[in-house]
Structures are given as structure tokens and as C-alpha cells.
Amino acid sequence: MRTSPAPQPSSTEPSPVAPQPDGELDAMQAALAGEHAGVYGYGVVGAHLEDDARDSARDALAVHRSRRNTLEAEIRALGAQPVAALPGYALPFPVTDEPSARLLAGTMEQRLQPLYVDLVTTATDTAAREFAARAVADAAVRATVWTAATSAFPGLDGRADAASTPGGTPSANATESSTPEG
Amino acid sequence: MVGLAAAPLLGLGLSACSIGHPAKSAPAELPDADSRLRWAALRGEQSLLSLHAAVVAKHPGLAASLEPLTAHHTEHVAAITAEGPLPIAAGGVPEPSAAAVPDDAGSALAAVRDAERVAADARLTGCLQAAGPRLAGLLASVGAAEAAHDAALAAA
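What counts, and at which threshold
Residues numbered from 1 in each chain as written. Chains lettered and ligands numbered in written order. Predicted model: local features only at pLDDT ≥ 70, side-chain atom pairs only at ≥ 80, totals over all residues. Heavy atoms only, no water. Helix = DSSP H or I, 4+ residues; strand = E, 2+ residues; numbered from the N terminus. Buried < 20%, exposed > 50% of the residue type's maximum accessible area, 1.4 Å probe, protein only. Contact = heavy atoms within 4.5 Å. Areas by Shrake-Rupley, 256 points an atom, 1.4 Å probe, with all protein chains shown as cover. Axes fitted to C-alpha atoms, helices over the stretch in contact; angles between N-to-C directions. Parallel < 35°, antiparallel > 145°, perpendicular 65-115°, else oblique. Left-handed = near helix turned anticlockwise from the far one by under 90°. Buried area = accessible area lost by both parts, 1.4 Å probe. Salt bridge = Lys/Arg side-chain N within 4 Å of Asp/Glu carboxyl O. Polar contact = N/O pair within 3.5 Å; in protein donor to acceptor, adjacent residues only side chain to side chain. Expected span 1.5 Å × (residues − 1). Core = buried A, V, L, I, M, F, W, Y, C linked by side-chain atoms within 4.5 Å.

1. Regarding the overall build of chain A
Stage number 1. Tallying secondary structure elements over chain A gives four helices and zero strands in all.
Stage number 2. Within chain A, the proportion of its 182 residues that are buried is 51%.
Stage number 3. Summarising the internal contacts of chain A: among those between residues at least 6 apart in sequence, 79% fall at separations of at least 24.
Stage number 4. Approximately 8300 Å² of chain A is accessible, and the part contributed by carbon and sulfur atoms is 53%.

2. Here we look at the overall build of chain B
Stage number 1. Along its length, chain B carries five helices and zero strands.
Stage number 2. When the helices and strands of chain B are read in sequence order from the N terminus, they spell out α-α-α-α-α.
Stage number 3. Within chain B, buried positions represent 47% of all 156 residues.
Stage number 4. Carbon together with sulfur atoms contributes 62% to the accessible area of chain B, which is approximately 6900 Å² in total.

3. Focus: the packing of helix α2 (residues 51-77) of chain A against helix α4 (residues 126-147) of chain A
Working note: a packed helix pair is described by the angle between its axes plus the distance between those axes.
Residues and elements named next belong to chain A.
Stage number 1. Where α2 contacts α4, the two axes come as close as 12 Å, and the packing angle between them is 160°. When the axes of α2 and α4 are compared, the pair comes out roughly antiparallel. Handedness of the crossing formed by α2 with α4: left-handed. In contact with Ala53, Ser56, Ala57, Asp59, Ala60, Val63, Arg67, Thr70 and Leu71 of α2, α4 contributes Phe131, Ala135, Asp138, Arg142 and Trp146.

4. Some thoughts on the interface of chain A and chain B
Stage number 1. At the interface, 30 residues of chain A touch 34 residues of chain B.
Stage number 2. Interface area for chain A against chain B, summed over the two sides, is near 2500 Å², with a carbon-plus-sulfur share of 71%.
Stage number 3. If you look at where chain A meets chain B, you find zero salt bridges.
Stage number 4. Counting across the interface, chain A meets chain B through four residue pairs in polar contact (both at pLDDT 80 or more).

5. As for the environment of alanine 119 of chain B
Stage number 1. Along the polypeptide, alanine 119 of chain B turns up in helix α4 (residues 105-129).
Stage number 2. Spatially, the C-alpha atoms of alanine 119 of chain B and leucine 48 of chain B are 8.3 Å apart, while their sequence positions differ by 71 residues.

6. A few points about helix α3 (residues 63-82) of chain B
Residue and element names in this part refer to chain B.
Stage number 1. Under the 1.5 Å per step criterion, the end-to-end length of α3 is 28 Å for 20 residues, consistent within 8% with the ideal 28 Å.
Stage number 2. Among all positions in α3, only Ala63, Leu66, Leu69, Thr70, His72, His73, His76, Val77, Ala79 and Ile80 are buried.
Stage number 3. Among the structural elements, α2 (33-58), α4 and α5 (133-154) are those in contact with the buried residues of α3.
Stage number 4. Downstream of α3 by one or two residues, glycine 84 has phi in the positive range, about 160°.

7. What about the side chain of histidine 73 of chain B?
Residues and elements named next belong to chain B.
Stage number 1. Within the secondary structure, histidine 73 is located in helix α3.
Stage number 2. Residue classification places histidine 73 among the buried residues on the basis of a relative accessible area of 0%.
Stage number 3. A distance of 3.4 Å separates a polar atom in the side chain of histidine 73 from a polar atom in the side chain of histidine 149.
Stage number 4. Apart from residues no more than four positions distant in its own chain, histidine 73 is found in contact with Glu45, Leu48, Leu49, His52, Glu116, Glu146 and His149.

8. Quick word on the nonpolar core
Stage number 1. Membership of the largest hydrophobic core comes to 51 residues, with the highest contact counts inside it found for Leu71, Tyr116, Leu119, Val120 and Phe153 of chain A together with Cys127 and Leu138 of chain B.
Stage number 2. Put simply, the parts of the chain that give this core at least two residues each are α1 (23-46), α2, α3 (98-122) and α4 of chain A together with α2, α3, α4 and α5 of chain B.
Stage number 3. Counting residues per element, this core draws most heavily on α5 of chain B, which supplies nine residues.
Stage number 4. Residue contacts for leucine 71 of chain A: discarding those within four places in its chain leaves Met28, Ala31, Leu32, Glu35, Tyr116, Leu119 and Phe131 of chain A.
Stage number 5. In terms of nonpolar packing, the next biggest core, distinct from the first, is built from 19 residues, Val44, Leu49, Ala57 and Ala105 of chain A among them.

Okay, structure coming up:
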């Protein structure tokens, strides 16, 4: 499912310690796949919330759509084809009420964190690194708001060496299912 | 980076040249820019630990809300220290005097939230200045934790 990177110029030989030439692109594609899942998931979440919580879900949906659009533009600017949203996503657990909707939202935000840490570590310019670092913080804040859970190291928990595994994390809920996208 | 370049840069005036500038108070003998960034982050985490301790000492009722977050800062200190040697001894951050902690528990909590937000911004700045990708990722994560602390305490 990984999109072929743009042709790489072969004139420069990367040093053994340099990031892989397509590390940033892979990280952007993984983050984009995660945002596609997030946009889908917040549609489900919002249907089970009311009042302020529903407003929060709407706000989150707008943020995820915006980041999805930014990532798609950046990936195209790198000469690659952005990964598409899946026709549907299997939810990790049934979402039937407000508690389960909040848990899904928190879970999605947590799953996005390592994807954006990977983009922080592979970004080739400051603007991309800042975009990614702000996304890590935004996802950590939203995860806490939805579930009251906090983490010492958002996006790095349970990872032996985050810097060595760019783009290696499965995207959130990226399991195909027969559920049509709403 | 056409789209991303439009993102605000915090008014940091960041440029490639700014990477080599040490944090204002970092000792000059630290060998490289990333060590200075780690030193600055370490001082920031120690200051937060001191503030948490002073607030809990004066307002024991806040302990239940603060202590899980205090533990995160202890982990941050360990992770920043583990990234490599820092020739300057860690520690020596003065405890805030009890008088510096507001008498009102709500105001004390607000002071902690302010400090967490300031720290989150400082870690983000450090992330953007870091030469090493691994350090950039660590500082992004630590800053994200502190942004979430502010959110957690808003609900406390």
C-alpha cells in the first residue's frame, strides 16, 4: 500500500548514518493514512456525542481534515501519489454510546502520535518538523481530553528506538472492512 | 514545502543559522548545540519538578492531581539524561520558596498549568532547533506530554 516514492536523484550518495532518502515521504504517507482513519473515525464518534462533546468532535474532525489536506499537498509536492482513504475501516471495538465514542476518539489520537513522531524525526525542513511536532502535541491533548489518560512520552511509549523505525507503525484502524464511508 | 511553509513559526525567527546559538543560560563549555538543548530541557524539567513539589507541600489536596504528572517529569529527566553525557551536574535548581506558591489552591494549580504550557512551548522550540532527529523526536514527545498536562489539570 506504500506509494512509490518519486525518482531519487542518484548523483548524491547518502551517508550510512543519514536517514533513508524516502524516510520523510514514508512518514508523511503513514501519517496521511492515519488521518484518513481519523476522519472516518470522528464521523462515527460524533454520531454518539451530544452538546459540547459533539462540538469537540466536530472541531477535531476539522483539524484532522486540515492535516490530511496538508499532507496530501506535501506528498504531491514531493512528486508522489498520496495514499487514498480506504473504503471503510474496522473499528477496534463497538461504538454504541458516549463512553465508547470517547474511547475511540482517544484511541485514534494515541495511534496518530507515533506516526507524527516519525515525521518529526524524518522531516527535512523546519516547517515539516513543526507541523509534525504540533500534531503530536495536539493529539496528546485531545487524547487526554477524551479519555483523561496521560502519557509521559506521547508517540514514544513502548518503542525501543523511535528514531530507527520511521514509518514502521501501522496506521490507525487501517483494516479494511465492508463498512461504507459515511 | 509549499503548504507547510505557510505554517506560523512561533515568531521564533528560526533559520539554519539559529541552530548553533546556545540557550541563554547554558554553560559555554557544553560541546555542541544539541547538548545545550538537552541541558536547557533538563533545567526546565527540574524546575517543573521543584514547582510540583512546592505546590503539593503547600496544598496537599492537589497531590492526587499532580503526582501522576510529576512522575512524568521524573521520566523526562531520565530520558534527557540518558541521551548522552552532560558535563554540567544536573540539579541545583532552587526550590521555589513557599511564599512563591499562591495561598489559594486554584491559583497554585493555575500556576502549574502556566508552567506546563511554557515548558511545552520551550520543548517545541528545542525540537525545532535540534540537529539530531532522535533528540527532536524526544523533545516533541516531552513537549506533547506537557501540553497534555495542561489539559489534564484543566479538568482537575
